Amino acid sequence: MAKTNPGRFFEDYSIGDVIAHAVPRTVSGGERALYHALYPARHALYSSDEFARGCGLPSSPLDDLAAFHVVFGKTVPDVSLNALANLGYAEGRWLKPVYPGDTLRSTSKVIGLKQNSNGKSGVVWVRTKGENQRGETVLDYVRWVMVRKRDLDAAAPETTIPDLKPALDASDLVIPEGLDFTDYDFTLAGEPHRWADYEVGEVIDHVDGVTIEEAEHMMATRLWQNTAKVHFDATLREDGNRLIYGGHVISMARTLSFNGLANAQMIAGLNAGAHANPCYSGDTIKAWSEVLDKAETPAPGVGALRLRLVATKGGTPFTLKGDDGKYLPHVLLDLDYWALIPL
Amino acid sequence: MAKTNPGRFFEDYSIGDVIAHAVPRTVSGGERALYHALYPARHALYSSDEFARGCGLPSSPLDDLAAFHVVFGKTVPDVSLNALANLGYAEGRWLKPVYPGDTLRSTSKVIGLKQNSNGKSGVVWVRTKGENQRGETVLDYVRWVMVRKRDLDAAAPETTIPDLKPALDASDLVIPEGLDFTDYDFTLAGEPHRWADYEVGEVIDHVDGVTIEEAEHMMATRLWQNTAKVHFDATLREDGNRLIYGGHVISMARTLSFNGLANAQMIAGLNAGAHANPCYSGDTIKAWSEVLDKAETPAPGVGALRLRLVATKGGTPFTLKGDDGKYLPHVLLDLDYWALIPL
Amino acid sequence: MAKTNPGRFFEDYSIGDVIAHAVPRTVSGGERALYHALYPARHALYSSDEFARGCGLPSSPLDDLAAFHVVFGKTVPDVSLNALANLGYAEGRWLKPVYPGDTLRSTSKVIGLKQNSNGKSGVVWVRTKGENQRGETVLDYVRWVMVRKRDLDAAAPETTIPDLKPALDASDLVIPEGLDFTDYDFTLAGEPHRWADYEVGEVIDHVDGVTIEEAEHMMATRLWQNTAKVHFDATLREDGNRLIYGGHVISMARTLSFNGLANAQMIAGLNAGAHANPCYSGDTIKAWSEVLDKAETPAPGVGALRLRLVATKGGTPFTLKGDDGKYLPHVLLDLDYWALIPL
């Protein structure tokens, strides 16, 4: 019985620890096809090798969020198996596109620790890095979670709270080598709206909705080898619900945002993210976006939009929080990211 | 809010317009594997590279209907987003097999317009063409839909009704280059019945049935990037049903027809098609076929069968219409196509 | 109506008959991605090309059970379409790994026949062989099923009961060419436990559970082109249940066993197997293993464990049978196999 992985508890983390996560993964056209089957994914750069070549890339990469899910999934057995809550993300950067044939692995460095005042749990900050088979970092991001203590009498560690940017500057973004939007084909991309057509403060209702099924969210979550029990075992909770992996909601909302943001092709940065409320099978997910910032980049024809992406299950659109400052119950996701779009 | 695609309305079409549809798509072994997971697909030519080479092709192509769905899916945002009904198909021809690695795009030309007498909607005929990355047409077909008007006061266009063949002649069919059934392996194909064994008027009950699930039809429909809301959002209709994409029923019926038509390997022509009644999750689809015509072809060992393929959800088999000339409620699909089969 | 496959009945088998099964299948990265989506598959050798190369293989093969399902699926129309029960497996050996791009076909030889005393059915033993496109056998195994007679007056065949080993000896196992675990990376594999850490008699509770969905088991079963009606048609049985393919339970239990047996990478032999009770959608599958035997192998750093793998749907763990010697109702699967693990 001692051979199964009990996961790490709060007192098992020390500042500076580097955890090499298990189960490297080679991706192929199979993962791409499944991403298209599980989400209404239509961004042309991730759909067509020809379109990607027209943008200066060697072929169509794996969706940026698929790369994120693969890297993230590996961390679950070491970081969040005993997590009480997934508290936030910061300073996420996509550094290299991931192509079919690449093999990804992940490591996480512990960069922050703070025991809660109740003495039963604490917050752990890790900086996670995904690398390909050439040792190139394809993605890094900071994530923090609340983790249970195993031994309530374990001494509290010295509190270390990392100094994190509230949002990346546009100059922090890494543009994929060769990316060039000067010959961008707006017709094939599906919408005429370019960087200049979006204004800070503008809100876009993405209109479409998808009602979530158990089989789909479980297939998605397993595809990323995220095997947290709560997503798969209907007998765990008294209400018989399986909690849907937050990343499934992120991908659903981002792909729904095609309708109005078809040219916001690549995700370059993740500034912040909150899983505001749990999502269950039967919920109908809709999405809206708000333009938070705009910037040019050094790459030819490439601009950047900082976007808030909100996923909801019904409720009044365009409102996030109540008078008490808490997320309204219909809000599932509040994500802040940078996307690359033609000028 | 103005950035999302509202779709075209009846008055937005003019005779001769050519619409380049967005989001080209590169296919891989992933799409093939998913086709096998979503449908009981067993035609050997689409399952085995070795078998396909034994028939003169370089390797196993993507299923002809998968190619159709990819081409069709791209047209939805421009042709049928505001459609009230999908009325028919004609003159569909598969011109080149599609192989893993190919990138497909679609264009449609408006070839017919007729405003309805109520002044609220009209019928639009388009000829849609799917092309690969070399600019070769892989598929073309005519489809007509009933589309709402945005502005009821918009002037009616001149009525143009295209002259369409009720069915393709066998001589209209394009046989894939190199196709040769003279060394066809009936054992590996799964049935001994060849062209000569089928008689015009013969009816084949395909026996097997599949009960449809929400997760499966949504995955299939998304895989083809067909994102019409009504297939995905359970809150759209008062009855909470998601309408199943007609192409899902076509693929289910065609793959069920393996049992009795295992050697009707390739689809070469689409003569006509009617989605007789809507299909919903929980329906159990069965299929039967009728041999409508037979012809030889110029390719070695290759014959053609014209087949009616009918999908039902229960009910009396082999009857299509009631005394009123309308499809009986259990009939889902009435499809008329040409298949290639060894002589 | 005579063109559909009625399947073989008991009197259609003769000792020595060799049946070439239809529909060869080329596998790709798509099948691998789907295996990861359908099961919580995390064995590193089947997830990463780099990890597989570190173990002496050219790249990551298709999961051994996926290869088994492809070979098995082809036999269904000829062996088990009229089966009343799938009685057992013996002498299964994996002889060559299967890689993306390989094409598999199956043949079965009838090696045993015994009519039941009721005269209505009989037991058929077949030895099934899966071959790749080079004619190399990748897998062989014996399976026996109880099959209905078509004609109750057909004469009983001479009884032939094959002489089968209750379990393979470790020396019967074929180790894949080049396999070498001397530089095995336990960190990337996910657990530190090696061959020496397991003791005969040890029992491992794999802890995790998965609640089964209709869409998932149907997609899995179709992926292997196993089209037995009872898995797909909810109208066949009075209770409306679709019976889940036994192989789905095998794959679910084996992948759940990662948690505690992460290094039992490859399946080399199948000694015996019983589908103790039927499994239906909504059941939550859990698994436990017992170490039955241990052996060294001639390959560098490679040991073998003989394991009992049990799948359950709730109930008391670690008990298989009641006082009457019958499987308890919560037991779904009792499988006896050899796995390869680093010394």
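In the nomenclature of an unreviewed UniProt entry, chain A corresponds to MaoC family dehydratase from the organism Roseovarius gahaiensis.

Asks: Honestly, the overall build of chain A in this entry has me stumped. Any pointers?
Replies: For chain A, the helix and strand inventory stands at seven helices and twelve strands. For a compact globule of 343 residues, the expected C-alpha radius of gyration is about 20 Å, and chain A comes in at 20 Å, within 12% of that figure. Projecting the C-alpha coordinates of chain A onto the three principal axes gives extents of approximately 60 × 45 × 35 Å. Within chain A, buried positions represent 65% of all 343 residues. Within the structure as shown, chain A displays about 11,500 Å² of accessible surface, and the carbon and sulfur contribution to it stands at 49%. Looking at chain A, you have 34 positive and 44 negative side-chain charges, and the mean spots of the two groups are 6 Å apart.

Asks: I would appreciate a short explanation of unusual backbone geometry in the present structure.
Replies: Across residues other than glycine, the phi torsion is negative in most instances, and most of the peptide bonds are trans. The backbone of A:Val23 shows a phi angle near 65 degrees, a positive value even though the residue is not glycine. Secondary-structure assignment places A:Val23 in the loop between strand S1 (18-20) and strand S2 (25-26). In this model, C:Gln225 sits at a positive phi of 55 degrees, which is unusual for a non-glycine residue. Tracing the backbone shows C:Gln225 in the loop between helix H5 (214-223) and helix H6 (246-256).

Asks: Which parts of the structure should I look at to understand the packing of helix H1 (residues 29-38) of chain A against helix H5 (residues 214-223) of chain A?
Replies: The geometry of a pair of packed helices is captured by two quantities: the angle between their axes and the separation between those axes. All names here are of chain A. Remark: H1 packs on H5, axes separated minimally by 11 Å, with the N-to-C direction vectors making an angle of 155 degrees. Compared by their axis directions, H1 and H5 come out roughly antiparallel. As for how H1 packs across H5, the hand of that crossing is left-handed. Between H1 and H5, the contacting residues are Glu31, Leu34 and Leu38 on the first element and Glu216, Met219, Ala220 and Leu223 on the second. Of the residues assigned to the contact of H1 with H5, the class counts are five nonpolar, no polar and two charged.

Asks: It is not clear to me how the pairing of strand S6 (residues 137-148) of chain C should be interpreted in this structure. Could you clarify?
Replies: Each regular strand carries side chains that alternate between the two faces of the sheet. Residues and elements named next belong to chain C. Burial of S6 is extensive: nine of the twelve residues sit out of reach of the surface. Strand direction decides the pairing type here: strand S3 (residues 83-94) and S6, joined by eight bridges, are antiparallel. For Ala90, the partnering residue across the bridge sits in S6 and is Val142. Note that strand S5 (residues 121-131) and S6 share eleven bridges and pair antiparallel. Bridging from a neighbouring strand, Trp125 pairs with Trp144 of S6. Here S5 hands over to S6 after five residues, with Gly135 in that stretch at a positive phi of 75 degrees.

Asks: Would you take a moment to explain the interface of chain C and chain A for this structure?
Replies: A common way to report how large an interface is uses the accessible area buried once the components associate. Between chain C and chain A, the residue contacts involve 47 residues of the former and 33 residues of the latter. For the chain C and chain A pair, buried surface summed over both sides reaches about 3,100 Å², with 59% attributable to carbon and sulfur atoms. The largest share of the area that chain C buries against chain A comes from C:Ala37, C:Arg42 and C:Leu188, three residues that together contribute 19% of it. Summed over the shared surface of chain C and chain A, the number is five salt bridges.

Asks: What's the story with the nonpolar core in this structure? I'm lost.
Replies: Proteins that are soluble and globular tend to have nonpolar side chains buried together. Ranked by size, the top nonpolar core spans 183 residues in total, and within it A:Leu34, B:Leu34 and C:Leu34 carry the most contacts. In this view, B:Leu34 contacts A:Ala33, A:Leu34, A:Ala37, B:Met219, B:Leu223, C:Leu34 and C:Met219; residues no more than four positions away in its chain are not counted. One finds A:Leu45, A:Leu168, A:Leu173 and A:Ala268 within the second-largest nonpolar core, a separate group that totals 26 residues.

Asks: Would you take a moment to explain the relation of the copies chain C and chain A for this structure?
Replies: Mapping between the two copies of the chain is achieved by a rotation about an axis and a shift along the axis. It takes a turn of 120 degrees to lay chain C on chain A, together with a shift of 0.0 Å along the axis; the resulting RMSD is 0.0 Å. In symmetry terms, the pair is related by a three-fold rotation axis. Across chain C, the smallest distance between a C-alpha and the rotation axis is recorded for C:Gly30, namely 2.2 Å. Take the interface residues of chain C: only 9% of them recur as interface residues in chain A, which is what a contact between different surfaces looks like.

Asks: Honestly, the domain arrangement of chain A in this entry has me stumped. Any pointers?
Replies: All names here are of chain A. For chain A, the assigned domains are domain 1 (1-27 + 62-164) and domain 2 (169-343). Facing the 24 residues of domain 1 at the interface are 24 residues of domain 2. The largest contributions to the domain 1 side of the interface with domain 2 come from His69, Tyr89 and Trp94, which together make up 29% of the buried area. Inspection of the domain 1/domain 2 interface yields zero salt bridges. Only helix H3 (64-80) and strand S3 (83-94) provide two or more residues apiece to the side of domain 1 that touches domain 2. If you tally residues by element for the side of domain 1 that touches domain 2, the top one is H3, at ten residues. A per-class count over the side of domain 1 that touches domain 2 returns 13 nonpolar, five polar and six charged.

Asks: Can you walk me through H5(A) in this structure?
Replies: Because each turn of an α-helix spans 3.6 residues, side chains separated by three or four positions end up pointing in the same direction. Residue and element names in this part refer to chain A. When you tally the buried positions in H5, you get ten out of ten residues, the bulk of the element. For H5, the full list of buried residues reads Glu214, Ala215, Glu216, His217, Met218, Met219, Ala220, Thr221, Arg222 and Leu223. Gln225, located one to two residues past H5, shows a positive phi value of around 55 degrees.

Asks: Looking at this structure, I do not really get the interface of chain B and chain A. What am I missing?
Replies: Each side of the interface is counted separately: chain B has 33 residues, and chain A has 47 residues. Interface area for chain B against chain A, summed over the two sides, is near 3,200 Å², with a carbon-plus-sulfur share of 59%. Taken together, the connections running from chain B to chain A amount to five salt bridges. With its nearest N and O atoms 2.5 Å apart, the salt bridge here joins B:Lys3 to A:Glu202. At the junction of chain B with chain A, the criterion picks out 21 residue pairs in polar contact (both at pLDDT 80 or more). Counting residues per element, the side of chain B that touches chain A draws most heavily on helix H5 (residues 214-223) of chain B, which supplies six residues. Here the side of chain B that touches chain A is composed, by residue class, of 13 nonpolar, eleven polar and nine charged.

Asks: Is there a simple way to explain the relation of the copies chain B and chain A in this structure?
Replies: With an RMSD of 0.0 Å, chain B superimposes on chain A once it is rotated by 120 degrees and translated 0.0 Å along the axis. An asymmetric contact is evident, with only 12% of the interface residues of chain B recurring at the interface of chain A.

Asks: What is the right way to read the pattern of salt bridges from this model?
Replies: Residues and elements named next belong to chain A. Scanning the model with the defined rule gives 60 salt bridges over all chains in all. The residue Asp49 makes a salt bridge to Arg32 at a minimum N-O spacing of 3.7 Å. In this pair, Asp49 is assigned in helix H2 (residues 49-54) and Arg32 in helix H1, connecting sequence segments 17 residues apart. Taken as a pair, Asp49 and Arg32 share a single burial class, namely buried. Salt-bridge contacts for Asp336 lead to Arg306; the nearest nitrogen and oxygen are separated by 2.5 Å.

Asks: Teacher, can you tell me more about the pairing of strand S9 (residues 266-275) of chain C here?
Replies: All names here are of chain C. In terms of burial, S9 is a largely internal element, eight of the ten residues being buried. Sheet topology places S3 next to S9; two bridges connect them, and they run antiparallel. The partner of Arg93 across the bridge, within S9, is Gly269. Pairing between S9 and strand S12 (residues 331-342): eight bridges, direction antiparallel. Bridge pairing in S12 links Ile267 to Ala339.

Scoring rules and cut-offs
Residues numbered from 1 in each chain as written. Chains lettered and ligands numbered in written order. Predicted model: local features only at pLDDT ≥ 70, side-chain atom pairs only at ≥ 80, totals over all residues. Heavy atoms only, no water. Helix = DSSP H or I, 4+ residues; strand = E, 2+ residues; numbered from the N terminus. Rg over C-alpha atoms; globule rule 2.2 N^0.38 Å. Buried < 20%, exposed > 50% of the residue type's maximum accessible area, 1.4 Å probe, protein only. Areas by Shrake-Rupley, 256 points an atom, 1.4 Å probe, with all protein chains shown as cover. Lys, Arg positive; Asp, Glu negative; His and termini not counted. Charge placed at Lys NZ, Arg CZ, Asp CG, Glu CD. Axes fitted to C-alpha atoms, helices over the stretch in contact; angles between N-to-C directions. Parallel < 35°, antiparallel > 145°, perpendicular 65-115°, else oblique. Left-handed = near helix turned anticlockwise from the far one by under 90°. Contact = heavy atoms within 4.5 Å. Nonpolar A, V, L, I, M, F, W, Y, C, P; charged D, E, K, R; others polar. Pairing = 2+ DSSP bridges. Buried area = accessible area lost by both parts, 1.4 Å probe. Salt bridge = Lys/Arg side-chain N within 4 Å of Asp/Glu carboxyl O. Core = buried A, V, L, I, M, F, W, Y, C linked by side-chain atoms within 4.5 Å. Least-squares fit on C-alpha atoms with pLDDT ≥ 70 in both. Domains from an automatic or database assignment. Polar contact = N/O pair within 3.5 Å; in protein donor to acceptor, adjacent residues only side chain to side chain.

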